[in-house]
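# Overview (structure and organization)
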Amino acid sequence: MSFPTTSVRACAKINFFLGVGAARADGFHELTTVFQSLSNHNVVRLSPASGPAQLGEYVASVSASGLAARSVPLDASNLVVAAASRYLAEVAANHPEIQLPVLDIHIHKGIPTAGGMAGGSADAAAVLHALSDYAPLPRQRVLEIAAELGSDVPFSLVGGTQLGTGRGERLVPMLSRGTYHLALGIQKQGLKTPEVFAKLDEMRAAGKTAEPNTDTSALATALVSGKPAAVAAEMHNDLQPAALSLMPALRATLAAGKDAGALCGIVSGSGPTTAFLCDSADAAEVVAEDLRDSGTVFDAFAVHTVPQGIGSIDT
Ligand code: ATP
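Treat the numbers as computed from the prediction; the structure is a model and nothing was measured.

### Considerations on the domain arrangement of the chain
- Here the chain is described as being made up of domain 1 (6–173) and domain 2 (181–304).
- Look at where the C-alpha atoms of domain 1 and domain 2 centre, and you get two points 24 Å apart.
- The interface of domain 1 with domain 2 comprises 26 residues on the first partner and 33 residues on the second.
- Both sides together, the interface formed by domain 1 and domain 2 hides about 2300 Å², and carbon and sulfur atoms give 68% of it.
- The largest contributions to the domain 1 side of the interface with domain 2 come from Phe-16, Phe-17 and Val-20, which together make up 28% of the buried area.
- The interface formed by domain 1 and domain 2 holds eleven residue pairs in polar contact (both at pLDDT 80 or more) in total.
- Breaking the side of domain 1 that touches domain 2 down by element, the ones donating at least two residues are β1 (6–23), β2 (29–48) and β5 (161–166).
- It is β1 that contributes the most residues to the side of domain 1 that touches domain 2, ten residues altogether.

### Details of the environment of Leu-88
- One can find Leu-88 in helix α1 (residues 79–94).
- The contact partners of Leu-88, leaving out residues within four places of it in the chain, are Tyr-58, Leu-100, Pro-101, Leu-103 and Leu-131.

### So, the packing of α1 against helix α2 (residues 119–134)
- α2 packs onto α1 with a crossing angle of 30° between their chain directions and a minimal axis gap of 8 Å. The pairing of α1 with α2 is recorded here as roughly parallel in orientation. Between α1 and α2 lies a crossing whose hand is right-handed. Taking contact as the criterion, the partners of Leu-79, Val-80, Ala-83, Ala-84, Tyr-87 and Leu-88 in α1 are, on α2, Gly-120, Ser-121, Asp-123, Ala-124, Val-127, Leu-128, Leu-131 and Ser-132.
- Of the residues belonging to the contact of α1 with α2, the class tally is ten nonpolar, three polar and one charged.

### Topic: the pattern of salt bridges
- This structure, assessed with the given rule, holds ten salt bridges.
- With a shortest N-O distance of 2.8 Å, Arg-24 and Asp-26 are connected by a salt bridge.
- The exposure class assigned to Asp-26 is partly exposed, which follows from its relative accessible area of 46%.
- Among the charged side chains, a network of salt bridges with common partners joins Arg-86, Glu-90, Arg-141, Glu-144 and Glu-148.

### Looking at the packing of aromatic side chains
- In this structure the tally under the stated criterion is three aromatic pairs.
- With a centroid separation of 4.5 Å and an interplanar angle of 15°, the aromatic rings of Phe-35 and Phe-155 are classed as stacked. Of the two residues, Phe-35 is situated in strand β2 and Phe-155 in helix α4 (residues 153–158); the sequence distance between them amounts to 120 residues.
- Classification of Phe-35 as buried rests on a relative accessible area of 1%.
- Accessibility expressed as a relative area gives 1% for Phe-155, which makes it buried.
- Across the ring face of Phe-28, the terminal group of Arg-167 is positioned such that the distance to the ring centre comes to 4.8 Å.

### Let's talk about the packing of helix α9 (residues 250–259) against helix α10 (residues 281–294)
- Two elements in contact, α9 and α10, have axes whose closest approach is 9 Å; the angle formed by their N-to-C orientations is 135°. Between α9 and α10, the angle is such that the two are oblique. The interaxial crossing formed by α9 with α10 has right-handed handedness. Between α9 and α10, the residues in contact are Thr-253, Ala-256 and Gly-257 and Val-287, Leu-291 and Ser-294, respectively.
- A per-class count over the contact of α9 with α10 returns three nonpolar, three polar and no charged.

### Description of α9
- Within α9, the full set of buried residues consists of Leu-250, Thr-253, Leu-254, Ala-256 and Gly-257. Relative to the axis of α9, the buried residues are bounded by an arc of 160° and lie together on one face. Those residues of α9 that are exposed and aimed more than 90 degrees away from the buried face are Arg-251 and Asp-259.
- Those residues of α9 that are buried are in contact with α8 (240–246), β9 (264–267), β10 (274–278) and α10.

Conventions used here
- Residues numbered from 1 in each chain as written.
- Predicted model: local features only at pLDDT ≥ 70, side-chain atom pairs only at ≥ 80, totals over all residues.
- Heavy atoms only, no water.
- Domains from an automatic or database assignment.
- Contact = heavy atoms within 4.5 Å.
- Buried area = accessible area lost by both parts, 1.4 Å probe.
- Polar contact = N/O pair within 3.5 Å; in protein donor to acceptor, adjacent residues only side chain to side chain.
- Helix = DSSP H or I, 4+ residues; strand = E, 2+ residues; numbered from the N terminus.
- Axes fitted to C-alpha atoms, helices over the stretch in contact; angles between N-to-C directions.
- Parallel < 35°, antiparallel > 145°, perpendicular 65-115°, else oblique.
- Left-handed = near helix turned anticlockwise from the far one by under 90°.
- Nonpolar A, V, L, I, M, F, W, Y, C, P; charged D, E, K, R; others polar.
- Salt bridge = Lys/Arg side-chain N within 4 Å of Asp/Glu carboxyl O.
- Buried < 20%, exposed > 50% of the residue type's maximum accessible area, 1.4 Å probe, protein only.
- Phe/Tyr/Trp six-rings, centres within 6.5 Å; stacked < 30°, edge-to-face > 60°.
- Lys NZ or Arg CZ within 6 Å of the ring centre and 35° of its normal.
- Arc of directions from axis to C-beta.

This is the structure:
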């Protein structure tokens, strides 16, 4: 069987809660986080290559379109190349009878790049999802490959509402009732995740920020209530002071979202995207519009929570 052209939708994430512990010996920080899939997503299309494998053994080309597509790397540093290469190498080692494809990979972006919303991780997860339909590996092995690719890739593959520990790769499902509506504030410039963590370490060493907050129990109760105001009261991000220190203009964005009627605004993950929880879909549209008018964002749009992070698209 030859590889059929496959398109996969992979959703953005926010961290309703992000507690950051001390740096570990391997350089990663111990996290306690509540991940949530959102409706904005990338679509990744894998098709049999029209030219030779130029990006490793299994990928001929990477192309991109959509939101800030110019900031997406189109060479072997794109996470989709590592995802395809690792997955197919494992299939080659274990199933020599399967004919392996060389791929053209196209990414249509709906998730901002370097925005703290796991955009690259979503693309990598989409590749793993598409390839595991064609040449299945045990689910546990797929999740291990995902974790090797990046701390957020396992969540991008599993999706929904999950408690993440370790680097964020150890996941346990959480209960959440209903749909929550948010406005997202997008910045033109990204923030580099390692630099935000390094800034937090520096601020902690200088005694400038609070101790890690790793207690998600109040948020867990709030998510089950289905009440946006209850969830808003428990949203938290330990990385926020570091992101604000690196990009002070985000303070004005947070203030603009609150003025527009959001229940709560936080920096999403390592930023600089800001996420504003709202009472309703209409309220989220109003906050997005006011954010655009405020001049404090490059763009803003309304999104909502979704129960699944990834899925094949019928073409
Ligand atoms: P996270 O929330 O997982 O920390 P992020 O959303 O802040 O990540 P990404 O959009 O994943 O950041 O991009 C971070 C960097 O990764 C980019 O600046 C880019 O150089 C590189 N990159 C590699 N592959 C991709 C991809 N498929 N899409 C976007 N950026 C990618």
